[in-house]
Amino acid sequence: MTRTYWAAGAAVVLAVLFAVGATVATANGGAGGSAAPSASAPALYSPDAGFARDMAVHHQQAVEMSFIVRDRTQDEPVRSLAYDIANTQANQRGMLLGWLDLWGLPKVLADEPPMSWMSASEGGGEHAAHMGHTAKPGALMPGMATKEELDRLAAVNGRDAEVLYLQLMTDHHKGGVAMAQGCAAQCRTPAERALAQGMVEAQQSELTLMADMLKQRGAAPRG
């Protein structure tokens, strides 16, 4: 079982590399293209670039939490959900980082506060707040877990790990949905808008599933 899940982890890494390569190659015509920005590339502080940077970080934590819970429980439904989330979000993260490379834009900006891109166009600035998803103390972005919460997840086992993971991932998805809705409304790159809308639909479906899984364990989402 351990070998199986380590193999799955390796598959995720390969999927990320494939996603980055496929994204850049496709956008450059399929072969030999340069990653230099084109005249139509998004601006440095645009919603397109800001969403790609922030959601790549947001997704990375979801992958991290999913691999933590893999080793804290033998419950197959939770481990299956965790693998699906890790695989999907690693692939999406690869696409987002690939677009930034293609656009010739940095993956990290020291002077860009998280979520600042959501105020880059009219109506976007208070989106996350209106949705009720603001970053809690100690968390970088809406829905993200704190270091203390990650440490607690790594310290518990069995049902306690399952419940905490499902609660943390529920919060994570709610924050991610608000961010993705912001991009779907503001981003100008058609492929990125489509990806963001797909995130909204998939994560809303997983929110329903996780609520049912928590109920089966005599628990409920936090807040």
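Computed from a predicted structure; not experimentally measured. (Residues numbered from 1 in each chain as written. Predicted model: local features only at pLDDT ≥ 70, side-chain atom pairs only at ≥ 80, totals over all residues. Heavy atoms only, no water.)

**Q** How should I be thinking about the nonpolar core in this particular structure?
**A** Counting residues in each nonpolar core, the largest one holds 27 residues, and the members touching the most others are Phe 51, Met 55, Leu 96, Leu 100, Met 179, Ala 180 and Met 199. Residue assignment for this core shows that the elements contributing at least two residues are helix H2 (47–70), helix H3 (76–103), helix H6 (158–186) and helix H7 (190–216). At six residues, H3 tops the list of elements feeding residues into this core. With near-sequence residues (within four places) excluded, Met 179 lies in contact with Phe 51, Asp 54, Met 55, His 58, Met 115, Trp 117, Met 118 and Met 141. Counting 22 residues, the second-largest nonpolar core is a separate cluster that includes Ala 62, Val 69, Ala 161 and Met 213. (Core = buried A, V, L, I, M, F, W, Y, C linked by side-chain atoms within 4.5 Å. Buried < 20%, exposed > 50% of the residue type's maximum accessible area, 1.4 Å probe, protein only. Helix = DSSP H or I, 4+ residues; strand = E, 2+ residues; numbered from the N terminus. Contact = heavy atoms within 4.5 Å.)

**Q** Is there a simple way to explain H7 in this structure?
**A** Each turn of an α-helix holds 3.6 residues, which means side chains three or four residues apart point in the same direction. With 27 residues, H7 extends 39 Å between its outermost C-alpha atoms, agreeing within 8% with the 39 Å of an ideal straight helix rising 1.5 Å per residue. Inspection of H7 places Glu 192, Leu 195, Ala 196, Met 199, Val 200, Gln 203, Glu 206, Leu 207, Met 210, Met 213 and Leu 214 among the buried residues, and these make up the whole buried set. Phi turns positive one or two residues past the end of H7, at Gly 218, with a value near 70 degrees. (Expected span 1.5 Å × (residues − 1).)

**Q** Looking at this structure, how should I read the packing of aromatic side chains?
**A** Aromatic rings in a pair are described by how distant their centres are and how their planes are angled relative to each other. Scanning all chains against the criterion turns up two aromatic pairs. With centroids separated by 5.6 Å and ring planes inclined at 75 degrees, the aromatic side chains of Phe 51 and Trp 117 adopt a geometry described as edge-to-face. Of this pair, Phe 51 sits in helix H2 while Trp 117 sits in the loop between H3 and helix H4 (127–130), and the two are 66 residues apart along the sequence. Owing to a relative accessible area of 0%, Phe 51 belongs among the buried residues under this scheme. The exposure class assigned to Trp 117 is buried, which follows from its relative accessible area of 1%. (Phe/Tyr/Trp six-rings, centres within 6.5 Å; stacked < 30°, edge-to-face > 60°.)

This is a description of form; function is not addressed.
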